[in-house]
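Fold and geometry: a report
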Amino acid sequence: MTLPANVTRSDQNRALTLSTIAFTACFAVWTIFSIIGVAIKEELDLSDFQFGVLVATPVLTGSLTRLILGVWTERYGGRLVFTLQMLLTALATWLLTLASTYPMYLLAALGIGLAGGSFIIGVTYVSSWYEPEMQGTALGIFGAGNVGAAVTKFLAPFVLVAFGWHAVAYVWAAALVLMAVIFYFSAKDHPKLVEDKAAGKKPISFAEQFKPLNDIRVWRFSLYYFFVFGGFVALALWLPNYLVEVYEVDLKTAGMAAAAFSLSASLFRAYGGHLSDRFGARSVMYWTFGFSLVMLFMLSYPPTQYIIETKEGPLTFATEMGLWPFVVTLFVLGFFMSLGKAAVYKHIPVYYPHHVGSVGGLVGMIGGLGGFVLPIIFGVMMDLTHIYTSCFAVLFAVVLGSLVWMHYAIGKEEKLIAAGGPERDQELAAEQRMAATAEADSRVLTDWRPEEPEFWRDTGHKIARRNLWISIPALLLAFSVWMVWSIVVAKLPSIGFDFNPSQLFWLAALPGLSGATFRIFYSFMVPIFGGRLWTTLSTASLLLPAIGMGYAVQNPDTPFIVFLILALLCGLGGGNFASSMANIAFFFPKDEKGNALALNAGLGNLGVSVMQFVVPLVITVSVFGAIGGEPQKADDGTLMWMQNAGFVWVPFIALSAAAAWFGMNDIAEAKSSFSEQAVIFKRKHNWLMCILYTGTFGSFIGYSAAFPLLARLQFPEVNALKLAFLGPLVGALSRAATGWISDKYGGARVTFWTFAGMIAAVYCVIHFVTNSDQPGAFWGFFASFLALFFLTGVGNASTFQMIPNIMGSEIPRLMPNLRGEDLMRQVERESAAIIAFTSAIAAYGAFFIPKSYGTSIELTGSPLAALWCFLVFYIVCLLLTWYYYSSRRGLLYDIERQKK
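Residues numbered from 1 in each chain as written. Predicted model: local features only at pLDDT ≥ 70, side-chain atom pairs only at ≥ 80, totals over all residues. Heavy atoms only, no water.

**Structural notes on the environment of Tyr-105**
By secondary structure assignment, the location of Tyr-105 is in helix α5 (residues 102–112). Tyr-105 sits 65 residues away from Ile-40 along the chain, and the two C-alpha atoms are 9.2 Å apart. Those residues within four positions of Tyr-105 in sequence are excluded, and the remaining contacts are Ile-40, Glu-43, Leu-44, Leu-54, Leu-96, Ala-99, Ser-100 and Trp-165. (Helix = DSSP H or I, 4+ residues; strand = E, 2+ residues; numbered from the N terminus. Contact = heavy atoms within 4.5 Å.)

**Here we look at the pattern of salt bridges**
Per the stated rule, a full pass over the model turns up two salt bridges. For Arg-449, the salt bridge goes to Glu-452, with nearest N and O atoms at 2.6 Å. Taking the relative accessible area as the measure of exposure, Arg-449 reaches 29% and is therefore partly exposed. (Salt bridge = Lys/Arg side-chain N within 4 Å of Asp/Glu carboxyl O. Buried < 20%, exposed > 50% of the residue type's maximum accessible area, 1.4 Å probe, protein only.)

**Thoughts on the packing of aromatic side chains**
Under the defined criterion, the tally for this structure stands at 37 aromatic pairs. Here the aromatic rings of Phe-778 and Trp-779 are separated by 5.1 Å at their centres, their planes lie at 75°, and the arrangement is edge-to-face. Residue class for Phe-778 comes out buried when judged on its relative accessible area of 5%. What links up through ring pairs into an aromatic cluster is the set Phe-778, Trp-779, Phe-781, Phe-782, Phe-785 and Phe-789. The ring of Tyr-184 has Arg-79 sitting right over it, with the charged end atom 4.1 Å from the ring centre. Positioned above the aromatic ring of Phe-232, the side-chain terminus of Lys-341 is 3.6 Å from the ring centre. (Phe/Tyr/Trp six-rings, centres within 6.5 Å; stacked < 30°, edge-to-face > 60°. Lys NZ or Arg CZ within 6 Å of the ring centre and 35° of its normal.)

**Describing the confidence of the model for the protein**
The predicted model of the protein averages 76 in pLDDT, with 81% of residues at 70 or higher. Averaged pLDDT values for the elements of the protein fall to 43 in helix α19 (residues 426–439) and rise to 87 in helix α29 (residues 650–663). Note on residues 421–441: pLDDT is under 50 here. Beyond four places in sequence and across chains, it has 30 contacts. (pLDDT = per-residue confidence, 0-100.)

**Some remarks on a nonpolar patch on the surface**
A cluster of nonpolar side chains, contributed by Trp-72, Tyr-76, Leu-80, Leu-84, Leu-87, Val-177, Val-181, Tyr-184 and Phe-185, occupies part of the molecular surface with about 830 Å² of accessible area. Secondary structure elements with two or more residues in the nonpolar patch: α3 (48–76), α4 (78–95) and α9 (165–186). The element best represented in the nonpolar patch is α9, accounting for four residues. Of note, Leu-84 is situated in helix α4. (Patch = residues over 30% accessible without salt bridge, like charges linked within 9 Å, V, L, I, M, F, W, Y side chains within 5 Å. Areas by Shrake-Rupley, 256 points an atom, 1.4 Å probe, with all protein chains shown as cover.)

**Some remarks on the packing of helix α20 (residues 453–482) against helix α26 (residues 560–585)**
Packed helix pairs are specified by the crossing angle of their axes together with the interaxial distance, meaning the distance between the axes. Following both chains from N to C, one finds α20 and α26 inclined at 155°, their axes separated by 7 Å at the closest point. Considered as vectors, α20 and α26 are oriented roughly antiparallel to each other. As α20 packs across α26, the resulting crossing turns out to be left-handed. Across the interface between the two elements, Asn-467, Leu-468, Ser-471, Leu-475, Ala-478, Phe-479, Val-481 and Trp-482 from α20 touch Cys-570, Gly-571, Gly-573, Gly-574, Asn-576, Phe-577, Ser-580 and Ile-584 from α26. Here the contact of α20 with α26 is composed, by residue class, of nine nonpolar, seven polar and no charged. (Axes fitted to C-alpha atoms, helices over the stretch in contact; angles between N-to-C directions. Parallel < 35°, antiparallel > 145°, perpendicular 65-115°, else oblique. Left-handed = near helix turned anticlockwise from the far one by under 90°. Nonpolar A, V, L, I, M, F, W, Y, C, P; charged D, E, K, R; others polar.)

**Digging into the environment of Leu-44**
If you trace the backbone, Leu-44 turns up in helix α2 (residues 33–44). By relative accessible area, which is 26% here, Leu-44 ends up partly exposed. Look past the residues within four positions of Leu-44 in its chain and what remains in contact with it is Ser-100, Tyr-102 and Tyr-105.

**Digging into the side chain of Ser-784**
Relative to the assigned elements, Ser-784 resides in helix α34 (residues 777–814). Every residue in contact with Ser-784, bar those within four places of it in the chain, is listed here: Ala-761, Cys-764, Val-765 and Phe-768.

**As for helix α15 (residues 281–300)**
Under the 1.5 Å per step criterion, the end-to-end length of α15 is 27 Å for 20 residues, consistent within 8% with the ideal 28 Å. Among the 20 residues of α15, 18 are classified as buried, and the element is accordingly described as predominantly covered. (Expected span 1.5 Å × (residues − 1).)

**Considering the packing of α4 against α9**
At a minimum axis distance of 8 Å, the contact between α4 and α9 shows a crossing angle of 165°. Regarding the angle of α4 to α9, the classification is roughly antiparallel. Handedness of the crossing formed by α4 with α9: left-handed. Along its contact with α4, which presents Gly-78, Arg-79, Phe-82, Thr-83, Met-86, Leu-87, Thr-89, Ala-90, Thr-93 and Trp-94, the element α9 presents Ala-169, Tyr-170, Ala-173, Leu-176, Val-177, Met-179, Ala-180, Phe-183 and Tyr-184. Split by residue class, the contact of α4 with α9 holds 14 nonpolar, four polar and one charged.

Okay, here's the thing in structure tokens:
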């Protein structure tokens, strides 16, 4: 890394520091109407639409002038242009105090808008001082000058209340004049600009400067900035009035609450620049859009009252986001918007190193126009719908469109680059290819040969292990969210929810039903989208049920249908298992695949036990304070924070999703379409393994979901909830710890003896349930279930170990034309698809086992009928395992004896 010619570190620091301070001062002036506009609105009795136009007018000028200011900065230098821009803005701010009518205010606001043009002046000026490897960080630090909006929101209300809004204008104008003087006498022109002037060199023509604007990519970047910057400015202007009207707080409180958003949307821009330098601006943009969608969905949902007709009359309940959750959600949204602002401007000097002023000016202009157009749209939407949250719905639509366009364009661009197709402008094409190569995701593994010992020892093992240890906590959280209802349903009656046993069993069973269904689709997602992207998205999706549950359980009037929907959404966690196992299967060689899958699944399954241990603890304390909501009073008079059962997972889900994106890899050769994977539906052994895996994993997850409630109903005198976590714990640990046995002795033999043990264990459970009134019956019942959990864990590992061996034997017979790497690739592809699909089918056990208990109790008054059905099913699984795989005629008999 070398410094630009004739530039020292001291020169760089000087340019960056002065530009950042100047930009902060300009931004404070640019957003001045967010505070004084409220007073002017009351003074002139403006409508929401008129208020939106007033606060947006400065943004219009600041946006439209960016294009020409960027070009002028390239031609005449940032020192002169920045100084003149600040002096003219200060003059317009002072003239604002002389206005008396609405048109006069609009005219003054146009002049104040010059402050917004400071951004492109600073971007062009600062980027010229830094080498490409540091431009993202430098521009991120400069862009943190957006914090000027927070300065205005924090300080201006106090000045306004004490001295009136005119005083705010006087003070802000004086500060800007002072900054202009300091900048002019302290800043330096770039050495290259000085040399060009001394040599009489003519500046680049306007036509040449505007040439890149024909590229569609520039307009795509502009749309990104329309949201991350335009949306930020629009909300910065709109929020104080929103908070005053929606939450009925005073202006000082509204200003400070809005300042929290402005701070997070500004200060973290420097961090966004660092991330863009390190991981690529493209990756940061995916994070920005993905998390913004989640936050904006939550913010756009209006306070709603529901009326549901029941046989006992109307049932009414309401949903509404309180002030503190609103502020926290905005803070998180601002954080990701700040990362996105840095990422957009990291793209520009990389793709267009000789046209930063013109390209950056256009992008900044479109982004700034977002700050002008969006407040007007907010006002129109408010006047039309009378729904306050409609402003966030507008932003949600913008983000969704941006994300779709970005993903489509990147895919098309990568294909063009790979093909080396001609472009209209060869010089620009070369720049773009170089930039795209630098931007290309280094986490895609194009050379992956785990079956080669030398490659595995030197390279593969380390990468595979890293992906495994990131996958495990993500899967653990997925299981925690998936099975959280197994504890929550047992507590709902004690805090005022009037649900009968059948309804409670439905809530415990539905996550299993939806989770299993999601798994069918998730089974094929990794080869289509890549394991890294899909793990990130599927993990982040867990935020929806976790947050939704946290709100629903706080109100006993919440109807049963809402709980059913949330229970179905918890199935998103169940779906993750299929994609997680398919992804990890690609990373390991056949001899280590059984143990790797056992660790991933076993420690992931541990999430059930972790949840059943953690939730009973966190619901007894106010973990999140006022932000988490009020406690509920239980039947015995104790206070419970049942919402913590959902909220406690939220920060860990966010961290795990981030770890997946930044730490995992995709395997290029693992990519395949659905049609290529769908061949498994023709494989007889795919369906046989679905049955066997349902007997092992289906039993594990079904018993995990139903055991707490079953124990409570059969042995009400025992507090079984304190012990419920032990069953899933034993099952998860046995799966993780016994994978090596199947690798050594063969999965078929281990599976056969596992089913034999499960038959005996279920018979013992039947015995103790039948004699539940005898002394010590509960402990016999509990010990039998622990044995069942242990055996399901062993069987989970052994059945998955069987699949690669089965397909390794079957594919050469079914596809004799394949040889070498093609054969190995087909075996890997089908094995991963079958592993994922069998896990999807088996997950229905999480629905059928709780539902079977509920139906059996409803029809016969006892769970015995369901238990006898389980025993018969295990006998069928034992016979299938013996006949097809472990007997002398079985497919794996000779293979497994060679292992020993």
